[in-house]
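Chain by chain, the residues run as shown.
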Amino acid sequence: MMEKRLILGTAGHIDHGKTALVKFLTGVDTDRLQEEKARGITIELGFADFAPREDLRMGVVDVPGHEGFIRNMLAGATGMDLVLMVVAADEGMMPQTREHLAIVRLLGVEKMVVALTKCDLVEEEWLSLVEEEVREALQESPYSAAPIVATSTVTGAGIETLKERLVEVAEEAGKRSSEDLVRLPIDRAFTIKGTGTVVTGTLWSGRLSIGDAVVLQPSGVRGRVRGLQVHGLQVEHAGAGERTAVAVTGGEIDLESAERGQVLVADDAWPATGMFTAQLRVVEGTGWTVKHGQRVRVHLGSTEVMARVVTLEGMELGPGDEGWVQLRLERPLLARTADRFVIRSYSPMTTIGGGIVAEALATKRKKLSTKESSELQTIIGGNAEAALAAALRLASWRGIAVGEVPVRTGSSPEECRSATATLVGEGAREAGGLVFDRMIVEEARALMDDAVDAFHREEPLRAGIAVELLRQTVPPRDEGRLADLLLSEAV
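Residues numbered from 1 in each chain as written. Predicted model: local features only at pLDDT ≥ 70, side-chain atom pairs only at ≥ 80, totals over all residues. Heavy atoms only, no water.

Visitor: Describe helix α11 (residues 438-458), with residues and values.
Guide: Over its 21 residues, α11 extends 30 Å from the first C-alpha to the last, a length consistent with the 30 Å expected when each residue adds 1.5 Å. Within α11, burial applies to I440, V441, A444, M448, A451, A454 and F455. Projected onto a plane normal to the axis of α11, the buried residues spread over an arc of 160° and lie on a single side. For α11, the elements touching its buried residues are β26 (429-431), β27 (434-436), α12 (467-471) and α13 (481-490). The N-cap residue of α11 is D437: its side-chain oxygen and the backbone nitrogen of M439 are 3.2 Å apart. (Helix = DSSP H or I, 4+ residues; strand = E, 2+ residues; numbered from the N terminus. Expected span 1.5 Å × (residues − 1). Buried < 20%, exposed > 50% of the residue type's maximum accessible area, 1.4 Å probe, protein only. Arc of directions from axis to C-beta. Contact = heavy atoms within 4.5 Å. Polar contact = N/O pair within 3.5 Å; in protein donor to acceptor, adjacent residues only side chain to side chain.)

Visitor: Can you explain the environment of G108? Please cite residues and give values.
Guide: Checked against the element boundaries, G108 lands in the loop between α4 (95-106) and β5 (111-117). G108 gets classed as partly exposed once you look at its relative accessible area, which sits at 29%. Sequence separation of G108 and P142 is 34 residues, and the distance between their C-alpha atoms is 9.4 Å.

Visitor: So what about the side chain of T409? Which residues, and what values?
Guide: Topologically, T409 is positioned in helix α9 (residues 405-409). Residue classification places T409 among the buried positions, given a relative accessible area of 6%. Discounting residues that sit within four places of it in the chain, T409 has contacts with T337, I379, A387, L388 and C416.

Visitor: Hey, could you go over the pairing of strand β4 (residues 82-88) for me, with residue numbers and the actual values?
Guide: Buried residues dominate β4, accounting for seven of its seven residues. Along β4, one buried face is formed by L82, L84, V86 and A88 and the opposite face, lined by V83, M85 and V87, is buried too. The sheet contact formed by strand β1 (residues 4-11) and β4 spans four bridges and is parallel. When the bridges of β4 are listed, L8 appears paired with L82. (Pairing = 2+ DSSP bridges.)

Given below as structure tokens:
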């Protein structure tokens, strides 16, 4: 029986009982820091293993609820498959509850279960009012049908029902793929005597094994996997959705190169980027307007960087608006098509919007045509074949490196190989490690045919055009690789 692995994250206001609830569900106290225990609040991300059934295992990410630790909350929220929204029955919806709700919605977390905690402290009538308040807050969101369960970690009331609802919702959530690119956003790094540098994070996708060569991005430092642990147990392999500790060895690996915000990958063809094109939505009710040139904080995975917003349709996006932007980053980060991100204001730090990456390795843009906007929409909304076709049309004569296709489409390597083969069968071409759109191939052939015809008209007594001269008729951005392939086919 194949075990389904997912990432379950908590969300909610400070002191509403998230950590106590996780402990009741899993037996693990996720508050590990002395300061957390002294102050009675979660500061850093906490982690636990939750296996309610033999064929279902969830890595639990317990996030802080204090407004001062939203940065840490965002590091844990990105990558969730489902969220356990916690609302204390004696207080109801609070400011951080609403901000966390906005964040998980921006991050595209599709599934939610709501736990009303501390129900032993309130009367039944008050509990009904709080449930109604929560349902009203969820009404205009994707979570309008989310189950709401009244619980108490003092009496144990509702805990079994909560487990049942989590299992039901988890069955509807999409499964994480171990056949995809390896990607582990680092949220903690430390050294162990005799082991060296250890990084921890939740393996978003792919499969890691001892001995694998890895790259830390955006630092570009290379290393090798020396050891693996999943929830404290030594293993030979780690799969998508598992909470993983990786002992990494390498000459340049240290705590600085492996700090939070770095991402461990296993593919050299996945470079960091200094800008990306995205569809951005501004949160309603914050009073914020995103303007052209505005400086913002970008949160993607465990990474936070400053960036300038370049609006590609008009000069600003108001509350509730959605539009295309390009984010020019002050430091590189690792991104992939279909990634979700959040932006916060520079000062005061408030969540003002978020969206989905369409061009992870973008060329600089100032404005978008209607056709370009349509192609970007296809990239984020289509299957692997449609996304690749649209990306190739936007790439034009530049083409797309074969190794970058999974990054530029957001699809698995196997899906990308299949999509590439289909498009090549329809007239696209793979030449010298680059893939070119069908229309570019046809244009290149026409240029070469015209060059041959022109040569024979101008030089009727010569046997034929020189190969190098013929290669030069095709735009040289691919160093003649497409021309060489088409010439070979023509011969």
